[in-house]
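Residue strings, one per chain:
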Amino acid sequence: MRITGISTHVVGTPWRNLTYVQVHTDEGITGVGETRMLGHTDALIGYLREAQTNHILGSDPFAVEDLVRRMKYGDYGRAGEIVMSGIAVIEMACWDIKGKALGVPVWQLLGGKVTDRVKAYANGWYTTERTPEAYHKAAKAVVERGYKALKIDPFGTGHYELDHAQSLYSVSLIEAVRDAIGPDTELMLEMHGRFSPATAVRLAHELAPFKPAWLEEPVPPENLKALEKVAAKVDIPVATGERIHDRIEFRELFESQAVDIIQPDVGHLGGIWETRKLAATAEAHYVLVAPHNVGGPVLTAASLQVGFSSPNFKILEHFNDFADADIKKIVKGAPQVVDGYFELSHEPGLGVELDTDAAAEFPQQQARFDLWADGWEQRKPKGTGK
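Residues numbered from 1 in each chain as written. Predicted model: local features only at pLDDT ≥ 70, side-chain atom pairs only at ≥ 80, totals over all residues. Heavy atoms only, no water.

A. How the structure looks around the overall build of the protein. Helices and strands together make up the secondary structure of the protein, namely twelve helices and 15 strands. What you see for the protein is a C-alpha radius of gyration of 20 Å, in line with the 21 Å of a compact globule of 386 residues. Put simply, 73% of the contacts in the protein that link residues at least 6 apart link residues at least 24 apart. Counting only carbon and sulfur atoms, one obtains 49% of the accessible surface of the protein, whose full area is about 15,600 Å². (Helix = DSSP H or I, 4+ residues; strand = E, 2+ residues; numbered from the N terminus. Rg over C-alpha atoms; globule rule 2.2 N^0.38 Å. Contact = heavy atoms within 4.5 Å. Areas by Shrake-Rupley, 256 points an atom, 1.4 Å probe, with all protein chains shown as cover.)

B. Structural detail: unusual backbone geometry. Notably, His192 is not glycine yet its phi reads approximately 55°, a positive angle. Along the polypeptide, His192 turns up in the loop between strand S6 (186-190) and helix H7 (197-207). Its relative accessible area of 13% is what places His192 among the buried residues. Look at Asp324: it is not a glycine, yet its phi comes out positive at around 55°. Relative to the elements of secondary structure, Asp324 occurs in the loop between strand S11 (316-318) and strand S12 (331-332). (Buried < 20%, exposed > 50% of the residue type's maximum accessible area, 1.4 Å probe, protein only.)

C. Region of interest: the nonpolar core. Within the largest apolar cluster, 115 residues are counted, with the highest numbers of intra-cluster contacts made by Ile90, Trp125, Leu150, Val177, Ile262, Ile272 and Ile330. With ten residues, helix H3 (residues 81-102) is the single largest residue contributor to this core. In terms of nonpolar packing, the next biggest core, distinct from the first, is built from nine residues, Ala239, Ile261, Ala290 and Ile315 among them. (Core = buried A, V, L, I, M, F, W, Y, C linked by side-chain atoms within 4.5 Å.)

D. Molecular detail of the environment of Leu110. Mapped onto the elements, Leu110 comes out in the loop between helix H4 (106-109) and strand S4 (117-122). Assessed through its relative accessible area of 9%, Leu110 is described here as buried. When the C-alpha atoms of Leu110 and Pro14 are compared, they prove to be 36 Å apart, with 96 residues separating the residues in sequence. Residues in contact with Leu110, not counting those within four places in the same chain, are Trp95, Ile272, Trp273, Arg276, Gln305, Val306 and Ser309.

E. Structural view of the UniProt feature "domain: Mandelate racemase/muconate lactonizing enzyme C-terminal" (unreviewed entry) in the protein. Per the UniProt annotation, the sites labelled "domain: Mandelate racemase/muconate lactonizing enzyme C-terminal" (unreviewed entry) are residues 132-237. Between the C-alpha atoms that bound residues 132-237 there is a distance of 25 Å. The span itself is 47% helix and 11% strand. (UniProt positions renumbered as here; feature names shortened; annotations may be inferred.)

F. Spotlight on the environment of Thr4. Locating Thr4 in the fold gives a position in strand S1 (residues 3-12). Along the backbone, Thr4 and Val68 are 64 residues apart, and their C-alpha atoms lie at a distance of 17 Å. Excluding residues that lie within four positions of it along the chain, Thr4 makes contacts with His24, Thr25, Asp26 and Leu57.

G. Examining the packing of helix H1 (residues 41-56) against H3 more closely. In the contact formed by H1 and H3, the axes pass within 10 Å of each other and the chain directions differ by 65°. In the packing of H1 onto H3, the handedness of the crossing is right-handed. Residues Ala43, Leu44, Tyr47, Leu48 and Ile56 of H1 touch H3, and the partners they reach there are Ile82, Val83, Ser85, Gly86, Ile87, Val89 and Ile90. (Axes fitted to C-alpha atoms, helices over the stretch in contact; angles between N-to-C directions. Left-handed = near helix turned anticlockwise from the far one by under 90°.)

H. Structural detail: the packing of aromatic side chains. With the rule as written, the count across this model stands at twelve aromatic pairs. Between Tyr121 and Trp214 the ring centres are 5.5 Å apart and the planes differ by 85°, which places this aromatic pair in the edge-to-face class. With Tyr121 in strand S4 and Trp214 in strand S7 (residues 214-216), the pair connects residues that are 93 residues apart, well separated along the chain. Each member of the pair, Tyr121 as well as Trp214, is classed as buried. On the basis of an interplanar angle of 80° and a centroid distance of 6.1 Å, the ring pair of Phe369 and Trp376 is categorised as edge-to-face. The exposure classification of Phe369 matches that of Trp376, with both residues buried. Against the face of Phe322 rests Arg145, its NZ or CZ located 5.4 Å from the ring centre. Across from the ring centre of Trp15, 4.5 Å away, lies the NZ or CZ of Arg379, which sits over that ring. (Phe/Tyr/Trp six-rings, centres within 6.5 Å; stacked < 30°, edge-to-face > 60°. Lys NZ or Arg CZ within 6 Å of the ring centre and 35° of its normal.)

I. Fine view of the side chain of Thr35. As for its position among the elements, Thr35 is in strand S3 (residues 30-37). Within the structure, the side chain of Thr35 is placed 2.7 Å from the backbone oxygen of Gly267, a separation counted as a polar contact. Excluding its chain neighbours within four sequence positions, the residues that come into contact with Thr35 are Asn17, Leu18, Thr19, Leu44, Ser85, Val89, Gly267 and His268. (Polar contact = N/O pair within 3.5 Å; in protein donor to acceptor, adjacent residues only side chain to side chain.)

J. Broad picture of the layout of surface pockets. By volume, the largest pocket amounts to about 620 Å³. Leu38, His192, Glu242, Arg243 and Leu371 are the residues nearest the centre of the largest pocket, which is lined by 33 residues in total. Of the residues contributing to the lining of the largest pocket, the split by class is twelve nonpolar, eight polar and 13 charged. (1 Å grid on protein atoms, 1.4 Å probe; cavity = no way out; pocket = protein on both sides within 12 Å on 5 of 7 lines; lining within 4 Å. Points joined across faces, edges and corners; volume = space filled by probe spheres on them. Nonpolar A, V, L, I, M, F, W, Y, C, P; charged D, E, K, R; others polar.)

K. Highlighting the sheet that holds S1. If you trace the three strands from one edge of the open sheet to the other, you get S1-S2-S3, paired in antiparallel fashion. At either end of the open sheet lies a strand with only one pairing partner, and these are S1 and S3. Recorded for the sheet is a direction-independent mean angle of 20° between the axes of neighbouring strands. Contacting strand S2 (17-25) and S3, helix H11 (residues 297-309) runs over the sheet at an angle of about 105° to S3. (Pairing = 2+ DSSP bridges.)

This is the structure:
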């Protein structure tokens, strides 16, 4: 079997473009992959156009390791977010092809299942007015939908510091959310790399009474010493890793002992097998895995293959019941959250099929997502008219 070509389909919303890639073969089997780029969708498509000629055409889709190696190192330059994301969408599609050809789900090819279900946590649910009353109502709706975990960034446009008034307001938002969801629902606290170590530590202590399940990206991701400073002063588990795009770069993070949960993005890290390798390394350091997943149904399905086959997999992020829920219709067999969990799928490959006609109903947009702009949490950029 050989790859004969690829086709790209961009599904657009005002705040995110989702890039789907179909990999076609000479035996008529087609696989699909997905990633979500922020502000770099055209650059990704340009890279894939060159990679198709240089690396992809004529390759054996079963030889996933060889294709990833050639795409990552064959152009000599150091692979960053765009290249690793391009590798990821092709790699996912190859696993999809392989599973379909063999008639088994991808998780079966990764060593088999270790669980029959993966817990989900909701994100994208607080696209409302930023008030305790609105957040209470929105959080209650998440729990009523069956979710047993959710995540929130309550800090507005906070950057390095958060003044006293804004700190008190952020605490009031979390107090409202915890009241709405009760004591048994997991509450993940997202900081989006906003703060200095001192501010992150102070806020973590102020929010500790509400029992956060983790503290995510408390400081910008470039400085591990700053993260170590936070981890040494808080009792809440620390999570990070969505902006690391090469599993090798996690080495220093593991050595620092500053992280309890890593959050690789399968769509940016080079795909399913690269993430499964990273999960094995994390297991050796007693670290849990909870992938960053701001994509659509294909990226969710790909992340679940790692989840069903990894002993140290904690939970998977899910946006698509809340933000841009209509995009679920572009995929047949889209993973669904039932009573707070994704159930094991026995469908071959990734278990999903891209509906290109439905995808065409969501044309690419000049998507914009600025975490430092007022109202970012509503995910409705200025000028969209929505």
